[in-house]
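Chains, contacts and geometry: an overview
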Amino acid sequence: MTILLVLVAVPLAGAVVAWVGERMHEGSARWVALATTTVQGALTVMAMSTATVAGPAGSGGNGLVALDGLSGPLVSLTALLGIVCVLASWSTRRGPGAYFGLLLWLQAAVTAVFLAANILALYVAWEAVLIPMWFLIGVWGHEGRRHAAMKFFVYTFAGSALMLVGILVALRNGASASLGASAFAVASTAQPAVFWLLLAGLAVKIPVWPLHTWLPDAHVEAPTAGSIMLAGILLKMGGYGFIRVALPLAPEAATAAGPLLATLGVIGIVYGAVMALAQTDLKRLIAYSSVSHMGFVVLALAVGTPAALTAAVLVMVAHGVTSALLFLLAGALYDRTRTLEVARLGGLQRTIPAWGTAFLFGCLASLGLPGLAGFPGELLTFLEGFEAYGWWMVAVAVGVVLAGVYNLRAVRRVAHGPEVPAWKGLADLDWRERLAVGLLALPIVALGVWPSLVTSAASPVVAALVARMGR
Amino acid sequence: MTWTIIAPTLLAAAGAVCALAFDAFGMRRSASGAAVAGAVAAGAVPLALLPSSVSVAWVIPVLEAAVALITAVTLVGGWRRSTTSSSGPMSAALGGLVLSASLLVMITHDMVLLLVGLEAMGLAAYGLTALGGTAEAREATMKYVIQGAVATGLLIIGVSVLFVASGGSGGYAQVVTATGASPFPRSAIALAWALLACVLAFKCGAFPFHWWAPDVYEHSSPPAAALLASVPKIAVVVATAQLFVQRGLSSTMLTFATPVALIAALAAGSIVFGNLAALRQRSMRRMLAYSGIAQVGYALVGVVSRAPVAAMLCITLYGLAAAGAFLSVEAVGDGDPSWDGRIDTLAGLGSRRPRLAAAIAALMLSMTGIPLLAGFVGKLAVFSAAVDTGWTWLAVLGVVGSVVSFGYYGRVLGAAYLTGDGIAGSKVRSGAAEAATLLTAIAVVIAGMAPLFVGGLAALSLFAR
Amino acid sequence: MSGIVVACLLFSLGLYGVLTRREIVAVLASIEVMLGGATLLLVVLSSTYGTGAGTAAGANTAASGQAVALLLLAVVAAEAAVGLAVLVSLVRHGKTGVDDIQRVRG
């Protein structure tokens, strides 16, 4: 349906208008961007309500785009984070026309990834995400931005280039280029090659330990909106690609790789948590917590049962909003204090109470407090993992405990404790930041209390997928 | 019928001759204009004579038009030089001759004409290099001449053997089918084919016959380098593809070192060597020269995979971007005559000259192989053909090479956008080079996005064979 | 057969000259010898083997071979002319030896 193509076209058009508008009238770019992302949000709601839940068949425009229960939550997340990013970057001084243009281009490209119904279109959109992200990190980032941008690009490009070869091998071995209902597995002999090549690209994106090393640098050096998009939605492309592309094309290879992937996932959970414990920079702490959370996704993907895959989607969406909130708050703090060193912060609950409360809320969501977004997905992952792998899940439990430790410790050090005189007169969150926080807090609570918002959409699709794979 | 095939060559040559005539009277602008007009006419004729429905017969005329367009753009890009310096019109005329010879190489199906075309192309190229003006240019030309002459000798030997073996006709098809029944021993035939492959590799600058390329591209004037780095490469790869990918040229015919294995080795070597060498370059033109070696390697992968159209597409789209890249060197020099040609000193180009920097970004990303730009289309065609015919390792090598290539193409982007603002440049001497660069960048973007809209990505299956 | 030997000999002599001579003029002359040998090879091959099996009906290979050889003479002459022209411009700056043109790498 054309509304899906419109979903990709609107941010692109907005990008051009924002860039041109800024040259004609200063300060107009951010308003154009806000309008565009709001329109995008409304259109997404419309599209979600009309999309069929069972599968993408027949809902595509010339077979290029499709929306179903698997991509729906992620597309909605993209639209939401678009609005949040614009609000977060409101005060960008430097080249706002180009900045908002690139941000909207990024949103269009990510939306295109999730909406793609053709495997080559997915690849094109996947790569199209690289360019705006590279510019955002490289031009508007912090001190180490050049190195972080280059590392990000090379890692991601290397992975996705191998992914392309995997796609070509799959096409050679009889896979059809269209994703979704008509995707069939390739011949068993070709499956390992296809799976591992595809995984190269996906593993860098998710990221799977040990291919995660680009993530802390990229997250830390990126500007606030960049970090939000990166952690909130770009990482989810990897998990989505796994369920949408790798699993249907190479199910036997995926099953065979299960134990290995599960091990890497668990290592990721624990490693990310331990590294987060050791961080002195707030943003780097949040970055490593992202590695840890995505470890849950890897574990869930490795288990591979329909429930586990649904859990993966749940964790992805939950982490999307949670990390977005945390990076938003970190960015807001950096704008005020120009530092994120935990040692130099303290007593912020009294100085900027709204920020402090929001930060506490975000950390509680991150550690997986029942009632908030993180809990259902992590619990489901844990249960599915236990059924598949038994007592190895103790390590996961350790990871969860560590998550509690580093999150609460961050809150204690930053928000509580004695007030630091340097931050006495800080301004609290203003209306747009509060709006952004609210926009994120709502889903966090909603998903925690009502996970079927996502699961009711995702699990039929996932179940159909697994059934077709004959598992 | 024959006239329409040969018309582009003649028109380009006519343009060059008119340019020389105008130059004799000192009318420099008319001379350059004549050369451009000749190139445009040479490109228009094949397009005007296209058959009505899209088919494989469209490929060569479209490529001819593309090559002519590239030549016209480089001539325009060099307008300042050709109208202000005394040797300028001569460069324009030689450019027209390079185009004429290249078109001949592309359309011919006869080995003798191939030889004549290659030689004419080489001679015009020698002249263009020498007109770079500096002492290094003369030295580079001398070395190029000597190496080229050795290549010519080997080419004559190879062609002689195959010419006689095919019973005196020399046509591509006859050469392939008749060599089985020739009076020569199979080893002689195999050697002749190998010689031919090596000489063609020399002419397009593949490893390990690439020695002339970095010096020639670095020391000729940037517009001349833009022409030399694109059009001859395209022509030679097209000729290679047409010669080596025919029915009947299978490994059962030749005793040892089949051409396919040899070309595969050349392709792999070019990809590896070109990328690694380009990483170490600090000068922009040398970097582009070494990266061109790798790009020829990618195109040769198409030849190995028995997908001539894919190979031709890949090299043409690269040639377009390469011409633009060299023209951008001229454009940067126009705005800042003290620029030393190094990549690092491009710092701050993004803020000083945003349009030019954006064009350079598009060209660099296209050569890296990022989707939505032309280079990706070519590489997709070649690599999918490779995977389809069992040369998956070459596709992996090519893909890895593309990733490595971001190491140096990205350095240009990083210098332009990520490093601090440079000093504001003085007034730009001439906008011609910048306009030409922008034109190629736009063409690259359009060519990259076109498959998404026109016929979808499935249209690439047409090009994969 | 002896013709082929002579042609190959000429070619080898020329190639040897190109690789070893120190004066550019000598290198250019060796190039001429080399290319002459190659052309001679064409003529000899076409006249010796032109009437064997596989010849196209009605084609006179020897004649075509010699015609091509004449064409090649023109090509070789053009190459020599260009080479000498570049040499002249080099000599104007005092460089006559192969060692003098080593400023350019590779």
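Residues numbered from 1 in each chain as written. Chains lettered and ligands numbered in written order. Predicted model: local features only at pLDDT ≥ 70, side-chain atom pairs only at ≥ 80, totals over all residues.

When helices and strands are tallied, chain B shows 20 helices and 0 strands. By the burial criterion, 69% of the 465 residues in chain B qualify as buried. Partitioning the intrachain contacts of chain B with sequence separation of at least 6 by distance along the chain shows that 79% fall at a separation of at least 24. (Helix = DSSP H or I, 4+ residues; strand = E, 2+ residues; numbered from the N terminus. Buried ≥ 20, exposed ≤ 12 C-beta atoms within 10 Å, placed from the backbone. Contact = placed C-beta atoms within 7 Å.)

This part covers the overall build of chain A. When helices and strands are tallied, chain A shows 19 helices and 0 strands. Its C-alpha atoms give chain A a radius of gyration of 21 Å, within 12% of the compact-globule value 23 Å for 471 residues. Its C-alpha atoms give chain A principal-axis dimensions of about 65 × 60 × 40 Å. Once local pairs closer than 6 in sequence are excluded, the contacts in chain A between residues at least 24 apart make up 80%. (Rg over C-alpha atoms; globule rule 2.2 N^0.38 Å.)

In this complex, chain B contributes 38 residues to the contact, which on the side of chain C involves 42 residues. Looking at the side of chain B that touches chain C, the elements with two or more residues in it are helix 6 (111–130), helix 7 (135–165) and helix 10 (212–219) of chain B. At 20 residues, helix 7 of chain B tops the list of elements feeding residues into the side of chain B that touches chain C. Its residues assigned to classes, the side of chain B that touches chain C comprises 22 nonpolar, 10 polar and 6 charged. (Nonpolar A, V, L, I, M, F, W, Y, C, P; charged D, E, K, R; others polar.)

Bringing unusual backbone geometry into the picture now. Trans peptide bonds make up most of the peptide bonds, and negative phi angles are found at most residues other than glycine. Of note, the bond from W209 of chain A into P210 of chain A is cis; its omega dihedral lies within 30 degrees of zero at 5 degrees. Among the structural elements, P210 of chain A can be located in the loop between helix 8 (191–205) and helix 9 (214–221). Omega for the bond connecting F207 of chain B with P208 of chain B falls within 30 degrees of zero, at 0 degrees, which places this linkage in the cis form. Mapped onto the elements, P208 of chain B comes out in the loop between helix 9 (186–204) and helix 10. One non-glycine residue with positive phi stands out, namely R306 of chain B, at about 55 degrees.

On the chain A side, the residues contacting the 22 residues of chain B number 28 residues. Among the elements of the structure, helix 17 (374–388) and helix 18 (392–418) of chain B are those that each provide at least two residues to the side of chain B that touches chain A. Among the elements that take part in the side of chain B that touches chain A, helix 18 of chain B stands out by supplying 11 residues, more than any other. Residues that form the side of chain B that touches chain A fall into these classes: 15 nonpolar, 6 polar and 1 charged.

Okay, the nonpolar core next. V84 and L328 of chain A together with A311 of chain B are the most contacted members of the largest nonpolar core, which has 436 residues in total. For this core, the leading source of residues is helix 13 (residues 306–337) of chain A, giving 21 residues. (Core = buried A, V, L, I, M, F, W, Y, C linked by C-beta atoms within 7 Å.)

Attention now goes to the packing of helix 9 of chain B against helix 11 (residues 222–244) of chain B. Residues and elements named next belong to chain B. Where helix 9 meets helix 11, the closest approach of the two axes is 8 Å, and the angle between their N-to-C directions is 160 degrees. Judged on the interaxial angle alone, helix 11 and helix 9 are roughly antiparallel. Two packed elements cross with a definite hand, and for helix 9 against helix 11 that hand is left-handed. Residues L200, K203 and C204 of helix 9 form the contact with helix 11, whose participating residues are P232, K233, V236, V237, A239 and T240. Considered class by class, the residues forming the contact of helix 9 with helix 11 number 6 nonpolar, 1 polar and 2 charged. (Axes fitted to C-alpha atoms, helices over the stretch in contact; angles between N-to-C directions. Parallel < 35°, antiparallel > 145°, perpendicular 65-115°, else oblique. Left-handed = near helix turned anticlockwise from the far one by under 90°.)

Moving on to the arrangement of the chains. If you rank the 2 pairs of chains in contact by how many contacts each has, first place goes to chains B and C. Across the gap from chain A to chain C, with no contact made, the nearest C-alpha atoms are 30 Å apart.

Relative orientation of the contacting elements helix 7 of chain B and helix 3 (residues 61–91) of chain C amounts to 175 degrees, with a least axis distance of 10 Å. It follows from the interaxial angle that helix 7 of chain B and helix 3 of chain C lie roughly antiparallel. Facing R138, T141, M142, V145, A149, T152, I156, F163 and V164 of chain B of helix 7 of chain B, the residues of helix 3 of chain C in contact are T61, G65, L72, E79, V82, G83, V86, S89 and L90 of chain C.

For the rest of this paragraph, the subject is the environment of L465 of chain A. Residue and element names in this part refer to chain A. Inspection of the secondary structure puts L465 in helix 19 (residues 452–469). Take L465: there are 22 C-beta atoms within 10 Å of it, and that puts it in the buried class. Separated by 231 residues in sequence, L465 and L234 have C-alpha atoms that sit 23 Å apart. Apart from residues no more than four positions distant in its own chain, L465 is found in contact with L247 and P248.

Glancing now at the environment of A193 of chain A. All names here are of chain A. Note that A193 resides in helix 8. When the 18 C-beta atoms within 10 Å are taken as the criterion, A193 is described as partly exposed. Note: C-alpha distance between A193 and G166 (27 residues apart in sequence) is 7.0 Å.

A few words now on helix 5 (residues 88–107) of chain B. Spanning 20 residues, helix 5 of chain B covers 29 Å between terminal C-alpha atoms, matching the ideal 28 Å at 1.5 Å per step. In terms of burial, helix 5 of chain B is largely enclosed, as 20 of its 20 residues are buried. (Expected span 1.5 Å × (residues − 1).)

Another aspect to go through is the confidence of the model for chain B. Residues and elements named next belong to chain B. Scored by pLDDT, chain B comes out at a mean of 85, with 90% of its residues at no less than 70. Note on residues 251–257: pLDDT is under 50 here. Beyond four places in sequence and across chains, it has 15 contacts. Across residues 461–465, confidence stays below pLDDT 50; counting only partners more than four residues off in sequence or on other chains, it has 12 contacts. Both confidence scores are given for the complex: pTM 0.89, ipTM 0.91. (pLDDT = per-residue confidence, 0-100.)

Here the focus is the environment of R336 of chain A. All names here are of chain A. Tracing the backbone through its elements, the reader meets R336 in helix 13. Under the C-beta neighbour-count criterion, R336 is labelled partly exposed, with 18 such atoms within 10 Å. In contact with R336, other than residues within four places in its own chain, are L426 and A427.

Moving on: the confidence of the model for chain A. Residues and elements named next belong to chain A. Taken over all residues, the pLDDT of chain A has a mean of 87, while the share at 70 or more is 96%. For chain A, the element scoring lowest by mean pLDDT is helix 19, at 83; helix 12 (residues 282–303) scores highest, at 93. In the model, residues 52–61 has pLDDT below 50 throughout and makes 32 contacts with residues more than four positions away in sequence or in other chains.

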